[in-house]
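Here are the chains, one letter per residue:
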Amino acid sequence: MSDGDLERRARRWDVMVTGVLVLFLLIPIPFAQFRGWPGGEPVLERPVLPWSSFRLCYVPAGGGRPVEEVYRFTWNGKLVPGGGELRHPAALESLEAPLLAWQRQPEVELRSLHRNGEFLLVRTRWRPVAAWPLGMLLASWKDHGAGVHGGGAGR
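Heads up: these notes are all about the structure in this document. (Residues numbered from 1 in each chain as written. Predicted model: local features only at pLDDT ≥ 70, side-chain atom pairs only at ≥ 80, totals over all residues. Heavy atoms only, no water.)

### Let's talk about the pattern of salt bridges
- This model, assessed by the stated rule, comprises 6 salt bridges.
- Residues R8 and D5 are paired through a salt bridge, measuring 2.5 Å at the closest nitrogen-oxygen approach. A residue pair is termed a helical-turn pair when its members lie 3 or 4 positions apart in one helix, as R8 and D5 do in helix α1 (residues 3-26) at 3 residues.
- Accessibility expressed as a relative area gives 29% for D5, which makes it partly exposed.
- R111 serves as the salt-bridge partner of E109, at 2.4 Å between the closest nitrogen and oxygen.
- One connected set of salt bridges, linked through shared partners, spans R55, E68 and E107. (Salt bridge = Lys/Arg side-chain N within 4 Å of Asp/Glu carboxyl O. Helix = DSSP H or I, 4+ residues; strand = E, 2+ residues; numbered from the N terminus. Buried < 20%, exposed > 50% of the residue type's maximum accessible area, 1.4 Å probe, protein only.)

The following block contains the structure:
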């Protein structure tokens, strides 16, 4: 084989691998969004896989032992138990701020939801894989007070 043939094969391979990667990034998968309700404050967003789960941990308002409730997802992003959206007022009617733990990650304290007396809404949406990091990037840019103009020397 000549060098020209090898270069053409390598270019074809590069185009094919790039195409497969682009198709993979456009495949929609379910994402779980945790928000306060009715205020809509975002708490957490994660991609859902068939083995995904989360825990709500709280001390009931009437007192007693701490409660830990585990929720799992089916292959198509539905919650088990329930099979739909989760509005769970009991978890937010606790003596202390309840905790939300995704998989085995550290707990997120739901302090502002607890203080405001809001519910926790869990919604599953299907989006392309590439939309998640792009959405996080956009959200961090919007939350940055200076936008693209800030941080320059000489101000």
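### Points about the packing of aromatic side chains
- Per the stated rule, a full pass over the model turns up 7 aromatic pairs.
- On the numbers, 4.9 Å between centres and 85° between planes, the contact of F34 with F54 is edge-to-face. A residue pair is termed long-range when its members are at least 10 positions apart, and F34 in strand β1 (residues 28-37) and F54 in strand β3 (residues 53-58) qualify at 20 residues. For the pair shown, F34 and F54 are each scored as buried.
- Here the aromatic rings of F54 and F73 are separated by 6.0 Å at their centres, their planes lie at 45°, and the arrangement is tilted. (Phe/Tyr/Trp six-rings, centres within 6.5 Å; stacked < 30°, edge-to-face > 60°.)

Keep in mind these numbers describe shape, not what the thing actually does.
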